[in-house]
Amino acid sequence: MLQLSQCKVPCEKNTRAYLIKKVARQLHIKPEDIREFTLVKKSVDARKKPDIFFSYTVRFQVPEENQVMKKNKGNKNLTVVARKKKLEEKITPIRTKKKIVVVGAGPAGLFCAYYLSLCGCRPMLIERGAPMEERTKAVKAFWETGVLNPENNVSFGEGGAGTFSDGKLNTGVKDKSGKKQFVLESFVKFGAGEDILYDSKPHIGTDILREVIVNMRREMEEKGCEFHFHTKLTGLTIEKNVVKMIQVEKEGEKREIPCDKLILAIGHSARDTFSMLHKSGLAMSPKAFAVGVRVQHLQEDIDLAQYGVKKECLPVSSYKCTGKTKDGRGVYSFCMCPGGYVVNASSEQGGLVVNGMSNAKRDSGNANSAIVVTVEPEDFGGSGCLAGIAFQEKWEKEMYELCQGKIPVQRYDDFCKDEPTTEFGRVTPCVKGDWQMSNLRRALPKFIVNGMIDGMEQFRKKIENFAKEDTLLLGIETRTSSPVRIERDEDFVSISAGGIYPCGEGAGYAGGIMSAAMDGLRVAIRLTGQLKDEMDGKEGEHASTVKR
């Protein structure tokens, strides 16, 4: 199998047939000799605006492969690649009587439970929120009426918080073991488009992702995974430093569930669960995160700035900005949503938090991202491992009270002048949930305000019109990552109690759909290795030890 990278195609000629001909011409071979032609990576090359190209990496087979390599020995972009065994092909059945409970149906919990199901472990998955069909109706009703269900919302329910976001699948996590590919191929298997397998910035869209998650659940149930929705973890029974039982509550009814292995994939918004785990003695530590607001631009302005030209053949564009504030903090764009919406993502009564969301078509007309400033534990204004949660709650409450639960919206020019907005310019809000013109500075820490202005002024030098006077700001964004880390050892086991596996974004080991899903797989793979060792009656390389 040969692989060719840096194969550039003008956006106007971006067809599979043209690409094959381009490869053949470049390598001095016949197009009809190219077989099993596969796209590996696709990206937009806009370095020479307004000449825009799609840059591909492709794999294919040809007769007399060695001769083609010899003929093109000066081409550094041409290599020979061997087929690697996929992660799913390495799975071996494990028949265990151990009772495995996964807490949380976000990407970490789902992919952990999915892998365990493929192994034949028949895990139980409990989720405090609702199944997708019910959850989607509840979220829509909240956006229309403002009436919040604290257990069934944008943060809680099947699919996790990422389900009502942009459905972005890009990650900076390095992976040579095939976990990333496993996640992407699983999404395709359950209904996502095949383009996510090769797009440099893969994106499903929240509307498609919801269908994918439902299809995934149905197969998991067929393989013996037991789902329990509306079921909240409320307590642990730990004996001799090992978990033995968990306590749960469903619709007011409390019960105990025997548990040998407990995967905690609780998400970054399960604040009451963090408190319970802390009281139960699990080692936890405060961790830095970031706070800021969502900014909205016209998508056509972002496209023109990024591409230098308007062409129908180009996809809606995105951006990523990073900088340093005058006081040395990081300031950066986060979760950029082309053609998307700002959404009310609140999960607690009396608190307001926003997020970004795009559907598959990304056709709202507005682009948005969070512009956030790093917040360190010394900024929390309190002590203890839960101080970051208290910091989030304080400013979410302030933002809620600013407009009585509606999302506050302000023009950037008014934000800089510390004046409430009374009219919009070219950019008008694209929002899921009710909103109101206001002055966001009244409900933000001063260092966040200053840091955001520092960042916006830096980013205007990189992206034309980024900090125009009519750019919109909407707040508050506080849930960029978990403010807590549940400490685990090298075997992914809690350093406080055996049999407990902190996992995913909520536990402090991921940030986004892909990295959370990959961490879920990482935990499942290690756990199944330990189970195999236990069945073999030996302390093998996967055997876990609890640090005391």
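Shown above is the structure to which this text applies.
Let me begin by describing the structure that accompanies this report.

So, how was this worked out
- Residues numbered from 1 in each chain as written.
- Predicted model: local features only at pLDDT ≥ 70, side-chain atom pairs only at ≥ 80, totals over all residues.
- Heavy atoms only, no water.
- Pairing = 2+ DSSP bridges.
- Helix = DSSP H or I, 4+ residues; strand = E, 2+ residues; numbered from the N terminus.
- Axes fitted to C-alpha atoms, helices over the stretch in contact; angles between N-to-C directions.
- Contact = heavy atoms within 4.5 Å.
- Buried < 20%, exposed > 50% of the residue type's maximum accessible area, 1.4 Å probe, protein only.
- Polar contact = N/O pair within 3.5 Å; in protein donor to acceptor, adjacent residues only side chain to side chain.
- Salt bridge = Lys/Arg side-chain N within 4 Å of Asp/Glu carboxyl O.
- Expected span 1.5 Å × (residues − 1).
- Disulfide = S-S within 2.5 Å.

On to the sheet that holds strand β24 (residues 500-502). If you trace the five strands from one edge of the open sheet to the other, you get β7-β6-β5-β11-β24, paired in parallel fashion. Strands with a single pairing partner mark the edges of an open sheet, and in this sheet they are β7 (226-228) and β24. Put simply, the sheet's adjacent strands are angled 15° from each other on average, direction ignored. Pairing geometry for strand β5 (residues 100-103) and strand β6 (residues 124-126), over three bridges, is parallel. Note on β6: the bridge partner recorded for Val-102 is Leu-125. Contacts from helix α3 (residues 107-118) reach β5, β6, β7 and β11 (261-264) within the one sheet, and its direction differs from that of β5 by about 155°.

Take the side chain of Ser-358 next. Mapped onto the secondary structure, Ser-358 falls in the loop between β17 (354-357) and β18 (366-375). Judged by relative accessible area, Ser-358 falls into the buried class, the value being 0%.

It is worth spelling out the side chain of Asp-301 at this point. If you trace the backbone, Asp-301 turns up in helix α8 (residues 299-307). Reaching out from Asp-301, the side chain makes a polar contact with the side chain of Arg-426 at a distance of 2.8 Å.

Next up on the list: the pattern of salt bridges. A pair can form between side chains of opposite charge whenever their charged atoms are brought close. As enumerated under the stated definition, the model contains 36 salt bridges in all. Linking Asp-519 and Arg-488 is a salt bridge whose minimum nitrogen-to-oxygen distance equals 2.9 Å. Linking Asp-519 in helix α12 (residues 513-535) with Arg-488 in the loop between β23 (484-486) and β24, this pair joins segments that are 31 residues apart in sequence. Of the two residues examined, Asp-519 and Arg-488, each falls in the buried class. Each of Arg-128, Glu-151, Lys-232 and Asp-272 takes part in salt bridges that share partners, so that together they form one network.

The strand order across the open sheet formed by three strands is β17-β16-β20, and the pairing between neighbours is mixed. Edge strands, defined here as strands with exactly one partner in the open sheet, are β17 and β20 (431-432). As paired strands, strand β16 (residues 341-344) and β17 are joined by four bridges and run antiparallel to one another. Note on β17: the bridge partner recorded for Val-342 is Gly-356.

Attention now moves to α3. Over its 12 residues, α3 runs 16 Å from end to end, which matches the ideal 16 Å to within 8%, given 1.5 Å per residue. Taken residue by residue, α3 has Pro-107, Ala-108, Gly-109, Leu-110, Phe-111, Cys-112, Ala-113, Tyr-114, Tyr-115, Leu-116, Ser-117 and Leu-118 as its buried positions. Gly-120, located one to two residues past α3, shows a positive phi value of around 90°.

A word on the environment of Lys-244. Note that Lys-244 resides in strand β9 (residues 242-250). For the pair Lys-244 and Gln-26, spaced 218 residues apart in sequence, the C-alpha separation works out to 63 Å. The contacts of Lys-244, once residues within four sequence positions are left out, are Thr-237, Glu-239, Pro-258 and Cys-259.

Right, let's talk about the environment of Glu-151 for a bit. Note on placement: Glu-151 falls in the loop between α4 (132-145) and α5 (179-189). Each C-alpha atom, one on Glu-151 and one on Gly-224, is 26 Å from the other, the two residues being 73 residues apart in sequence. Setting aside its immediate chain neighbours within four residues, Glu-151 contacts Arg-128, Gly-129, Ala-130, Phe-156 and Lys-232. Separated by 2.8 Å, the side chains of Glu-151 and Arg-128 make a polar contact.

For the rest of this paragraph, the subject is the pairing of strand β8 (residues 231-239). Here is the key point about a regular strand: its side chains alternate between the two faces of the sheet. Pairing between β8 and β9: eight bridges, direction antiparallel. When the sheet's bridge partners are listed, Ile-238 is paired in β9 with Val-243. In this antiparallel pair of consecutive strands, β8 and β9, the connection spans two residues, and Lys-240 shows a positive phi of 55°.

What follows concerns the pairing of strand β2 (residues 35-48). Sheet analysis places β2 next to strand β3 (residues 51-61), joined by nine bridges and oriented antiparallel. Across the sheet, the residue bridging to Thr-38 is Arg-59, located in β3. Connecting β2 to the antiparallel partner β3 that follows it, the hairpin turn spans two residues.

Our next topic: the state of the cysteines. Scanning the model with the defined rule gives zero disulfides in all. Lacking any disulfide linkage, Cys-385 is separated from the closest cysteine sulfur, that of Cys-503, by 19 Å. Between Cys-503, a free cysteine, and Cys-112, which holds the nearest cysteine sulfur, the sulfur-to-sulfur gap is 5.4 Å.

Purely geometric numbers; function is a separate question.
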